[in-house]
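# Breakdown of the fold
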Amino acid sequence: MHLSDAQIQQYDDDGFVILPGFLSPEEVGLLAAEADILGTPQRGLPDGNVYEYGSGMIRKSYSVDKDSEAYFLASRLPRMLVPSRQLLGERIYLYMTHMNHKIAKKGEIWLWHQDYSHWQLDGVARGGARDMVTIMIMVDKSTPENGPLQILKGSHKLPVEEFRIDLDETSVPTAKVSEARMAEIVKSHEIVECLGAAGTALVFAPMTIHGSARNNSTRTRRNAYFVYNRVDNRPTIEKPRRFHVSPHLMNSDPVELDTGVGDDALLALARRRLSAA
Ligand SMILES: O=C(O)CCC(=O)C(=O)O
């Protein structure tokens, strides 16, 4: 899978591109089945999980590529790496992975933020659209009711906004942009709800401002995030941010991505699992 010139232009102009049908139903079905395990204390890296304040239900799983073969393969599919290299150049590595489980009726909001605000605290020097990229996979469908990701179109062109790490409103410390500044930004940027079937991908830039509302539906909504970084942009400070919830949070050293994973690897694993069941 290659991004077309028009899609690259859209990424550069808007700070995101939506790719419907990026994973097939069988492939994303496997990711959904694995997400059911990742979102429990039974996962291989239970300290990579973060819980909601109020309900105590799981909010986020960090480093899903490290204890799930399916997510490991997904992070290395040519479908993920080719577009990432088109945007960032050849020498890239997997910076981090995480999954947000927005539990039915309980999954809480994500405040407006730029992901790069966090990564800057980790010592990543540059957060431009051609330095880092996130590919988000909708593991469940995203609908207007289930708190889909919302993006402010074109906001990746703003500077790194002044933020404060919010520790009160949500259970994951988030680099919240101030309310007064957000009111200004929202006036001049269109809010796009990223809707789609399970298996849809959203490619977005590190400074694109995004957030999401509560899940008011009766079904859980999970999104998986794969973040790629240029090797020459890897964090330079020894002590990363103090808000780490997991020692496995990110890859401080470049991780070999070209391990011969073919584009059919996830599908093959899904079929193996099915025939073993
Ligand atoms: O998955 C969501 O609804 C939003 C998550 C988010 O903004 C993040 O993890 O940075």
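Quick look at the structure, then. For clarity, every value in this text was computed on a predicted model and none was experimentally measured. (Residues numbered from 1 in each chain as written. Predicted model: local features only at pLDDT ≥ 70, side-chain atom pairs only at ≥ 80, totals over all residues. Heavy atoms only, no water.)

### Re the pattern of salt bridges
- According to the stated counting rule, one finds 21 salt bridges in the structure shown.
- Across the pair Glu34 and Arg273 runs a salt bridge, and its minimum N-O distance is 2.6 Å. Of the two residues, Glu34 sits in helix H2 (residues 25–38) while Arg273 sits in helix H8 (residues 265–276), which places them 239 residues apart along the sequence.
- Asp131 serves as the salt-bridge partner of Arg126, at 2.9 Å between the closest nitrogen and oxygen.
- The network of salt bridges with shared partners includes Glu34, Glu69, Arg272 and Arg273. (Salt bridge = Lys/Arg side-chain N within 4 Å of Asp/Glu carboxyl O. Helix = DSSP H or I, 4+ residues; strand = E, 2+ residues; numbered from the N terminus.)

### Here's the deal with the packing of aromatic side chains
- Evaluated as defined, the whole model comprises three aromatic pairs.
- Here the aromatic rings of Tyr71 and Phe226 are separated by 6.4 Å at their centres, their planes lie at 15°, and the arrangement is stacked. Here the residue Tyr71 occupies a position in helix H4 (residues 69–76), and Phe226 occupies one in strand E13 (residues 221–230), the gap between them amounting to 155 residues. One exposure class covers both Tyr71 and Phe226, and it is buried.
- Seen in terms of ring centroids, Tyr95 and Trp119 are 5.7 Å apart; in terms of plane orientation they differ by 80°. Their pairing is edge-to-face. One end of the pair, Tyr95, is in strand E4 (residues 92–102); the other, Trp119, is in helix H6 (residues 115–121), and 24 residues separate them in sequence. The two residues Tyr95 and Trp119 agree in class, both being buried. (Phe/Tyr/Trp six-rings, centres within 6.5 Å; stacked < 30°, edge-to-face > 60°. Buried < 20%, exposed > 50% of the residue type's maximum accessible area, 1.4 Å probe, protein only.)

### Quick word on the side chain of Arg79
- Topologically, Arg79 is positioned in helix H5 (residues 78–88).
- Here Glu27 takes part through its side chain, which lies 2.8 Å from a polar atom of the side chain of Arg79.
- Beyond its immediate chain neighbours, meaning those up to four positions away, Arg79 contacts Met1, Phe22, Leu23, Glu27 and Asp263. (Polar contact = N/O pair within 3.5 Å; in protein donor to acceptor, adjacent residues only side chain to side chain. Contact = heavy atoms within 4.5 Å.)

### Structural notes on empty space enclosed by the protein
- The full count for this structure, using the stated rule, is two cavities of 30 Å³ or more.
- Here the largest cavity defines a volume of roughly 240 Å³.
- What lines the largest cavity is a set of 20 residues, and nearest its centre among them are Lys60, His98, Trp110, His113 and Asp115.
- Those elements that provide at least two residues to the lining of the largest cavity are strand E3 (58–62), E4, strand E5 (110–113), H6, strand E12 (210–212) and E13.
- The residue makeup of the lining of the largest cavity, split by class, is eight nonpolar, eight polar and four charged. (1 Å grid on protein atoms, 1.4 Å probe; cavity = no way out; pocket = protein on both sides within 12 Å on 5 of 7 lines; lining within 4 Å. Points joined across faces, edges and corners; volume = space filled by probe spheres on them. Nonpolar A, V, L, I, M, F, W, Y, C, P; charged D, E, K, R; others polar.)

### Looking at the site of the ligand
- As a structural note, the neighbourhood of the ligand is formed by 13 residues, with Asn100, His113, Ser212, Arg221 and Tyr225 the closest of them.
- Interatomic distance of 3.0 Å between a side-chain N/O atom of Asn100 and an oxygen atom of the ligand.
- The contact in question runs from an oxygen atom of the ligand to an N or O atom on the side chain of His210, over 3.1 Å.
- The fraction of the free accessible surface of the ligand (290 Å²) that becomes covered by protein chains is 97%.
- When atom positions are compared with the pocket grids, the ligand is found to occupy the largest cavity.
- Elements that contribute at least two residues to the shell around the ligand include exactly E4, E5, E12 and E13. (Near = heavy atom within 4 Å. Areas by Shrake-Rupley, 256 points an atom, 1.4 Å probe, with all protein chains shown as cover. Sits in = over half its atoms within 2 Å of the grid points.)

### Thoughts on H8
- In this model H8 runs 16 Å from its N-terminal to its C-terminal C-alpha over 12 residues, within 8% of the 16 Å that 1.5 Å per residue would give.
- Considered for burial, the residues of H8 that qualify are Ala265, Leu266, Leu269 and Ala270. The buried residues of H8 occupy one face: seen down the axis, they fall within an arc of 140°. Opposite its buried face, H8 presents the exposed residues Leu274 and Ser275, each directed more than 90 degrees away.
- Looking at the buried positions of H8, the neighbouring elements they touch are H2 and H4. (Expected span 1.5 Å × (residues − 1). Arc of directions from axis to C-beta.)

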